[in-house]
Amino acid sequence: VRLVESGGGLVQAGGSLRLSCAASGSIFKIAAMGWHRQAPGKQRELVATVTYDGRTDYADSVKGRFTISKDNAKNTVYLQMNSLKPEDTAVYYCTSRTVRRAFQPLEEYWGQGTQVTVSS
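Within any chain, residue numbers begin from 1 and follow the written order of that chain's sequence. Selection of residues for local features in this predicted model requires a pLDDT of at least 70, selection of side-chain atom pairs for listing and counting requires 80 or more, and totals for whole chains, interfaces and linings are taken over all residues. As a rule here, side-chain values cover all heavy atoms of the structure and leave hydrogens and water aside.

Caption draft 1: Highlighting the side chain of Thr89. Numbering goes from the N terminus for both helices and strands, where a helix is a DSSP run of H or I of at least four residues and a strand is a run of E of at least two. Mapped onto the elements, Thr89 comes out in the loop between β8 (76-81) and β9 (90-99). A 3.5 Å cut-off defines polar contacts: any pair of N or O atoms within that distance qualifies, except that in protein one atom must be a possible hydrogen donor and the other a possible acceptor, and neighbouring residues in sequence count only when both atoms are side-chain atoms. At 2.9 Å, the side chain of Thr89 forms a polar contact with the backbone oxygen of Pro86. A distance of 2.9 Å separates the side chain of Thr89 from the backbone nitrogen of Val118, its partner in a polar contact. By definition in these notes, contact holds between two residues if any of their heavy atoms fall within 4.5 Å. Apart from the residues lying within four places of it in its own chain, the contact partners of Thr89 are Ala39, Gln115, Val116, Thr117 and Val118.

Okay, structure coming up:
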């Protein structure tokens, strides 16, 4: 399973960005997709997740500013980021919890990451 992120870049504080992540390869079912991020010198942290049936969860630091959504038909997840702050600067990684074939176990996959930089 391959995850390809896009949409990162440089934006001023208060601005917006939309990240996309498309999953491809041998996919039977995607149970959930999400976004993590890692800032320089900090541990990787969960940003947001969405399950196949649409349940979402967010880190407290992004609630009310970020929105995660998905397109099951396209195996794609999005992260709309509004009111960006300099502390949102990080590499953002897409993740998926995927069953590759029927009766096989759930596995977790990670993308290569996309840089988001918010200037003050």
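Caption draft 2: Up close: the pairing of strand β4 (residues 29-38). Between buried and exposed lies partly exposed: a residue is buried under 20% and exposed over 50% of the maximum accessible area for its type, with that area taken using a 1.4 Å probe on protein chains only. The buried fraction of β4 amounts to seven of the ten residues, a majority that puts the element mostly inside the structure. Each pair of strands is called paired provided DSSP finds at least two bridges between the two strands. Where β4 meets β9, nine bridges bridge the pair, whose relative direction is antiparallel. The residue of β9 that forms the bridge with Gly34 is Thr95. What sits between β4 and strand β5 (residues 45-51) in their antiparallel hairpin is a turn of six residues, with Gly41 showing a positive phi close to 75°.

Caption draft 3: Local environment of the sheet that holds strand β3 (residues 17-24). An order of β1-β3-β8-β7 is seen for the four strands of this open sheet, with the pairing classed as antiparallel. If you trace the sheet from one side to the other, it starts and ends with β1 (2-6) and β7 (66-71), each paired once. On average, adjacent strands in this sheet sit at an angle of 15° to one another, irrespective of strand direction. The pairing of β1 with β3 spans five bridges and is antiparallel. Across the sheet, the residue bridging to Arg2 is Ser24, located in β3. To define axes, lines are fitted to C-alpha atoms, for helices over the stretch in contact only, and angles between the resulting N-to-C directions are given on a 0 to 180 degree scale.

Caption draft 4: Focus on the pattern of salt bridges. Each reported salt bridge corresponds to a side-chain nitrogen of Lys or Arg within 4 Å of a carboxyl oxygen of Asp or Glu. Across all of its chains, the model carries five salt bridges by this definition. Between Lys63 and Asp60 there is a salt bridge, and its shortest N-O distance comes to 3.1 Å.

Caption draft 5: The nonpolar core, seen in detail. What we call a nonpolar core is a set of buried Ala, Val, Leu, Ile, Met, Phe, Trp, Tyr and Cys residues that are connected through their side-chain atoms within 4.5 Å. Grouped together as the largest cluster of nonpolar side chains are 28 residues, with contacts concentrated most on Trp35, Leu79, Met81 and Tyr92. With four residues, β3 is the single largest residue contributor to this core.

Caption draft 6: Main features of the pairing of β8. Within β8, five of the six residues are buried, leaving the element largely enclosed by the surrounding structure. Bridge count for β3 against β8 is six bridges, and the pairing is antiparallel. Residue Ser20 lies in a different strand from β8, and its bridge partner there is Tyr78. Two strands pair when backbone bridges link them, and β7 and β8 are joined in this way by six bridges, in the antiparallel orientation. Counterpart to Phe66 in the pairing with β8 is Met81. Hairpin geometry of β7 and β8 is characterised by an intervening segment of four residues between the two adjacent antiparallel strands and by a positive phi of about 50° at Asn75.

Caption draft 7: Seen up close, the packing of aromatic side chains. To pair, rings of Phe, Tyr and Trp, with the six-membered ring standing in for Trp, must have centres within 6.5 Å; the planes then decide the type, stacked if under 30 degrees apart, edge-to-face if over 60, and tilted in the middle. The tally for this structure, following the rule as stated, stands at one aromatic pair. Look at Tyr93 and Trp110: their rings are 6.2 Å apart centre to centre, the planes differ by 65°, and that puts the pair in the edge-to-face class. Residue Tyr93 is located in strand β9, and its partner Trp110 is located in strand β10 (residues 107-110); the two are separated by 17 residues in the primary sequence. Of note, Arg18 hangs over the ring of Tyr78, and the distance from its end group to the ring centre comes to 4.1 Å. Only when the NZ of Lys or the CZ of Arg is both within 6 Å of the ring centre and within 35 degrees of the ring normal is a charge said to sit over the ring.

Geometric descriptors of this kind do not, in isolation, establish any biological role.
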